[in-house]
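# Per-entry structural report
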Amino acid sequence: MILSPTTGTGTVHGVFRSDEFPVHNDADVRAKGEWTDTVVKHGTLVANEGAVSRVYDLAPGTIVPFHRTHSLDIGVVLKGSLTLELENHETVILKEGDTIVQRGTWHEWRNQSDGWTRIMFVLLAAHPIEVNGNVLPTTAA
C-alpha cells in the first residue's frame, strides 16, 4: 500500500516546499505579499529543482513499499520507531532521535511497533541515478 496524504494508516503533513534552489527567503515579498501554499499546490513528492519538507504519521502496521526518489532525503524520527529495509534486505530499526540520509537508495519503511510513529523528512532535489546509461526507477515495476 502506498501511503496517501490521509488514510487510516497515516497522515502526511506538508511543512514547506520550494521549487527552486537556492531558496528565496523573501518569496512572499516577491509575490507582492501574497502567500501561496506551495505544498498543497504541487502533488509531487519531490521538487525537481528545490526542497520539500514533510512530516509523516504512520499507524502500527503501516508499510510504505519499496521505492526510491530522485532526491537527497534527510529524515529524523520524532516519535516511536520505524524499520528501514534496503535493497540488499539489510534492515535497520530507527528510534526517536535517530537520523537517516537516503541518497536515491531503493528502500521500504515499516512501522512494526504497537504505537504510532512520526518522522520528518527534508527532500532536496538530486539528479536521477544512472547505471550504464539507464536511469534507475523510482517505483517497482
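Please read all numbers here as calculations on a predicted model, not as lab measurements.

## Structural notes on the overall build of the protein chain
- Looking only at helices and strands, the protein chain has 2 helices and 12 strands in total.
- Burial analysis of the protein chain (141 residues in total) assigns 31% to the buried set.
- Contacts in the protein chain between residues at least 24 apart in sequence constitute 73% of all its contacts with a sequence separation of at least 6.
- Total accessible area computed for the protein chain in this model is approximately 8,600 Å², and 56% of it derives from carbon and sulfur atoms.

## Re the packing of aromatic side chains
- According to the stated counting rule, one finds 3 aromatic pairs in the structure shown.
- Ring geometry for Phe66 against Trp106: centres 6.4 Å apart, planes inclined by 15°, an arrangement best described as stacked. With Phe66 in strand β4 (residues 63–67) and Trp106 in the loop between β8 (99–103) and β9 (107–110), the pair connects residues that are 40 residues apart, well separated along the chain.
- Trp106 sits in the buried class, given a relative accessible area of 15%.
- An aromatic cluster is present here, built from Tyr56, Trp109 and Phe121 joined pairwise through their rings.

## Focus: the sheet that holds β4
- One open sheet accounts for 4 strands, arranged β4-β9-β6-β7; its pairing is antiparallel. What marks the edges here is a single partner per strand, and that holds for β4 and β7 (91–95). Put simply, the sheet's adjacent strands are angled 15° from each other on average, direction ignored.
- Where strand β6 (residues 81–86) lies against β9, 4 bridges are found, and the strand directions are antiparallel. Its bridge partner lying in β9, Thr83 is registered against Arg110.

## Regarding the pattern of salt bridges
- Scanning the model with the defined rule gives 3 salt bridges in all.
- For the salt bridge of Arg118 with Asp57, the shortest nitrogen-to-oxygen distance reads 2.6 Å. Here Asp57 lies in strand β3 (residues 51–58) and Arg118 lies in strand β10 (residues 117–125), a separation of 61 residues in the sequence.
- The partly exposed category is assigned to Arg118, whose relative accessible area is 33%.
- Of the residues examined, Asp57 reaches a relative accessible area of 13% and is grouped as buried.

## What about the nonpolar core?
- Tyr56, Leu58, Val64, Val77, Leu82, Leu84, Leu94, Ile100, Trp109, Ile119, Phe121 and Leu123 form the largest nonpolar core, which has 12 residues in total.
- Ignoring any residue separated from it by four or fewer positions in sequence, one finds Phe121 in contact with Val52, Ser53, Arg54, Tyr56, Asp73, Ile74, Gly75, Ile100 and Trp109.

## Some details on unusual backbone geometry
- Residue His89 is not a glycine yet carries a positive backbone phi of 70°.
- As for its placement among the helices and strands, His89 is situated in the loop between β6 and β7.

## Re the environment of Pro22
- Within the secondary structure, Pro22 is located in the loop between β2 (10–18) and α1 (27–30).
- By relative accessible area, which is 62% here, Pro22 ends up exposed.
- Expressed as a C-alpha distance, the spacing of Pro22 and Gly50, which sit 28 residues apart in the sequence, is 7.3 Å.

## Re the confidence of the model for the protein chain
- For the protein chain, per-residue confidence averages 80 on the pLDDT scale, and residues scoring 70 or more make up 73% of the total.
- Taken element by element, the predicted model of the protein chain shows its lowest mean pLDDT in strand β1 (residues 6–7) (46) and its highest in β7 (97).

## Examining the environment of Glu90
- Relative to the assigned elements, Glu90 resides in the loop between β6 and β7.
- As for Glu90 and His107, which are separated by 17 residues in sequence, their C-alpha atoms are 9.8 Å apart.
- In this structure Glu90 touches Leu84 and Glu85, once residues within four positions along its chain are discounted.

Rules used throughout
- Residues numbered from 1 in each chain as written.
- Predicted model: local features only at pLDDT ≥ 70, side-chain atom pairs only at ≥ 80, totals over all residues.
- Heavy atoms only, no water.
- Helix = DSSP H or I, 4+ residues; strand = E, 2+ residues; numbered from the N terminus.
- Buried < 20%, exposed > 50% of the residue type's maximum accessible area, 1.4 Å probe, protein only.
- Contact = heavy atoms within 4.5 Å.
- Areas by Shrake-Rupley, 256 points an atom, 1.4 Å probe, with all protein chains shown as cover.
- Phe/Tyr/Trp six-rings, centres within 6.5 Å; stacked < 30°, edge-to-face > 60°.
- Pairing = 2+ DSSP bridges.
- Axes fitted to C-alpha atoms, helices over the stretch in contact; angles between N-to-C directions.
- Salt bridge = Lys/Arg side-chain N within 4 Å of Asp/Glu carboxyl O.
- Core = buried A, V, L, I, M, F, W, Y, C linked by side-chain atoms within 4.5 Å.
- pLDDT = per-residue confidence, 0-100.

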